[in-house]
Amino acid sequence: MSTTAPSARLFDFIVASNRLPVDSVVNADGGQGWSRSPGGLVAALEPVMHSHDGAWVGWAGEADLELDPFDIDGLHLVPVRLSAAEVREYYEGFSNDTLWPLYHDVIAAPSFHREWWDAYRAVNQRFADIVAAVSAKGAVVWVQDYQLQLVPKMLRELRPDLTIGFFDHIPFPPYGLFSQLPWRTHVIEGLLGADVVGFQRDADAGNFAQAVRRLKGYATTGSRIEVPIVDESPGVRVFSPIKRGAPSRTVIAKKFPISIDADIYRAAAKDPGIRARARQIRADLGNPAMIMLGVDRLDYTKGIRHRLQAYGELLAEGRINPTEVILVQVASPSRERVKSYIDLRDEIELTVGRINGEYSELGHQAISYHHHSYPREEMVALYLAADIMLVTALRDGMNLVAKEYVASRFDDDGVLVLSEFAGASDELTRAIRVNPHDIDGLKDAFMRAVEMPHDERRSRMRYLRKRVFDNDVEKWSNGFLEVLAHHRHEKDTRSR
Ligand code: F6P
């Protein structure tokens, strides 16, 4: 990747996300280089940024990096510096050890620390200041995800001329869980600084509206929330409907299910080199009759433990023959200094070791396990090689891996097993849908996938492919940005 320094300029369109699309890495020669950042957020926003001449504000993935704005692969990047303490307290702490578990059904226990909250506020303020400094008059700013929930309000205070959108990539929790957060009202106020707040599912938008009603007492009608310009609400749990005639602004809160650039996956899957690689992968695995595949960040929300348990039991019961079937599990490294992630890695790798120790034979592994990230080409080859894709998340905003698998299967083959707790299950209704907590149900679903007749596989995959291609990432971003533009137009008309 080659970089150039751009001239200082103001932008009409700005995206702000915790991570930039590239992470700083040390090259083999000891110099500084860049690698693609992990996660679905970057994958979804990259095509959006390529079609807008905007700036992307975010962190370069390493502490204490002092970087000027730079261009890379046609993207204008504006780095935000985080100190080592902020990486610990804002990123690993408040974002990933408080909000992440709280927003994912408390699968792991969230930690509440006041210093982490202070760091979260300080970093959100820095993002707001930097975005304000690079925004042209009347610019559109699109803030992304749970790490930056305070930015919309901070930005509105700095720059009332801006139109501000926010998109939450992860679930928004039910009020009964959200209300545990000591700073819950500040978070709601932060988000309400946006003109449009987007979520993955109706349920997330509903949970947010409920939190707004309970904590602020504002009226919500469908996707519209009336927010008084002067906030007189006393705060917690007091209902204070807006006084008739009091000036207010409307915030739209609704779902915009995120997606992928499906054409890129289809094109890659048709590439002769990638198809040859898929055949090579099958051969390297011993040409088994059936390949099952799991691809996840190594995260406790992904249900990898449940998947392994179900698979191990099927082997133990002799329902799966390890010389015929193999499970390939790619677990990409993630948040490696957060304790719950360290513990999860130990647990997963112990389980994989046990299953392999018990059921692998020379030349035949029961589970082929990889603690790596791979480039897109290799992932597509894996998707093509895999007969069955296992997505068993306990809770997931969307799960773009499910959509990537479907988009890659131009041969209309392959079976998707999909958790009903992943946002993707709202759209991909002809996947084999599972409740991953129900291990017997999961085992039956795996067997159903293994035994599914070819015609059924084909008809289901065709349906899934239509859904993914009809609702790709362009539709997601255009849908969001159109609502934002419409909202701005309404605002302009009202203030005239
Ligand atoms: O979509 C959820 C998300 O947390 C993104 O915000 C993030 O970029 C991605 O997953 C990967 O996580 P992290 O940036 O913590 O490595």
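Residues numbered from 1 in each chain as written. Predicted model: local features only at pLDDT ≥ 70, side-chain atom pairs only at ≥ 80, totals over all residues.

**Section: the overall build of the protein chain**
To keep it simple, the criterion reads: Secondary structure elements are defined from DSSP: runs of H or I of at least 4 residues count as helices, runs of E of at least 2 residues count as strands, and each element is numbered from the N terminus. Each radius of gyration reported is based on C-alpha atoms, and the globular scaling rule is 2.2 Å times the count of residues to the power 0.38. Field definition: a residue is buried when 20 or more other C-beta atoms are found within 10 Å of its C-beta, exposed when 12 or fewer are, and partly exposed for counts in between, with C-beta atoms placed from the backbone.
From N to C terminus, the protein chain includes 16 helices and 19 strands. Relative to the 2.2 N^0.38 estimate, which gives 23 Å for 496 residues, the radius of gyration of the protein chain is 23 Å and therefore close to what a compact globule would have. Based on the C-alpha atoms only, the size of the protein chain along its principal axes is roughly 75 × 50 × 40 Å. Residues counted as buried form 48% of the 496 residues belonging to the protein chain.

**Some words on the environment of Leu-77**
Keep this limit in mind: By the criterion used throughout, residues are in contact when their C-beta atoms, derived from the backbone, lie within 7 Å.
With respect to the element layout, Leu-77 can be found in strand E7 (residues 75-79). Separated by 62 residues in the primary sequence, Leu-77 and Val-15 place their C-alpha atoms 9.7 Å from one another. If we skip the residues at most four places from it in the chain, Leu-77 touches Leu-20, Trp-56, Pro-69, Phe-70 and Ile-72.

**Some remarks on the domain arrangement of the protein chain**
As a measure of interface size, the accessible area lost when the parts come together is often cited. Here is the rule: Reported domain spans reflect what an automatic or database domain assignment gives. Residue classes follow a fixed rule: Ala, Val, Leu, Ile, Met, Phe, Trp, Tyr, Cys and Pro count as nonpolar, while Asp, Glu, Lys and Arg count as charged, and any other residue, Gly among them, counts as polar.
Segmenting the protein chain into domains produces domain 1 (3-258 + 475-495) and domain 2 (262-470). Summarising the inter-unit geometry, the C-alpha centres of domain 1 and domain 2 are found 31 Å apart. Contacts between domain 1 and domain 2 engage 19 residues on the former and 18 residues on the latter. Of all the elements in the fold, those that place two or more residues in the side of domain 1 that touches domain 2 are helix H1 (40-51) and helix H2 (84-103). Residue composition of the side of domain 1 that touches domain 2, by class: nine nonpolar, six polar and four charged.

**A look at the site of the ligand**
Threshold: Contact assignment follows one rule, namely that a residue is near a molecule or strand if its backbone-placed C-beta atom lies within 6 Å of it.
In the vicinity of the ligand, 13 residues are found, and the nearest of them are Arg-19, Gly-39, Leu-41, Asp-145 and His-169. At the level of elements, strand E2 (11-19) and H1 are the ones that each hand at least two residues to the shell around the ligand. If you tally residues by element for the shell around the ligand, the top one is H1, at three residues. Across the shell around the ligand, the residue classes tally to four nonpolar, six polar and three charged.

**As for the pairing of strand E14 (residues 290-297)**
Put simply, the rule reads: By definition, two strands form a pair when at least two bridges between them are found by DSSP. When the strands point away from the viewer, a crossover counts as right-handed if the route from the first strand across the helix to the second turns clockwise.
In terms of burial, E14 is a largely internal element, six of the eight residues being buried. Pairing of E14 with strand E15 (residues 325-332), which is carried by eight bridges, proceeds in the parallel orientation. Bridging across to E15, Val-295 finds its partner in Val-330. Taken together, E14, helix H10 (residues 304-316) and E15 form a β-α-β motif whose crossover is right-handed. Of the pairings in the sheet, the one linking E14 to strand E17 (residues 388-391) comprises two bridges and is parallel in character. If you follow Leu-293 over to E17, its bridge partner there is Met-389.

**A word on the sheet that holds strand E19 (residues 432-434)**
Put simply, the rule reads: Axis definition: a line fit to C-alpha positions, over the contact stretch in the case of helices; interaxial angles, taken between N-to-C directions, run 0 to 180 degrees.
The strand order across the open sheet formed by six strands is E16-E15-E14-E17-E18-E19, and the pairing between neighbours is parallel. Both edges of this open sheet fall to strand E16 (367-370) and E19, since each of them pairs with a single strand only. For this sheet, the mean angle separating the axes of adjacent strands, direction not counted, is 20 degrees. Pairing between strand E18 (residues 415-419) and E19: three bridges, direction parallel.

**What to know about the pairing of strand E9 (residues 163-167)**
Side-chain positions along a regular strand alternate between the two faces of the sheet. Burial analysis of E9 places five of its five residues in the buried class, which makes it a mostly covered element. Both faces of E9 are covered, namely the face carrying Thr-163, Gly-165 and Phe-167 and the face carrying Ile-164 and Phe-166. As judged from the five bridges shared by strand E8 (residues 135-144) and E9, these two strands associate in the parallel manner. Considered in E9, the bridge of Val-140 is made with Thr-163. Crossover connection from E8 via helix H4 (residues 151-158) to parallel E9: handedness right-handed. Where E9 and strand E10 (residues 196-199) come together, three bridges link them in parallel fashion. Paired with Gly-165 across the strands is Val-196, a residue of E10.

**A closer look at the confidence of the model for the protein chain**
Low pLDDT marks stretches whose predicted atomic positions should not be read closely. Here is the rule: Scored from 0 to 100, pLDDT reflects the predictor's confidence in each residue.
Scored by pLDDT, the protein chain comes out at a mean of 94, with 95% of its residues at no less than 70. When the criterion is pLDDT under 50, residues 234-239 qualifies, and its contacts beyond four places in sequence or with other chains add up to eight contacts. The complex prediction reports pTM at 0.94, with the ipTM value standing at 0.95.

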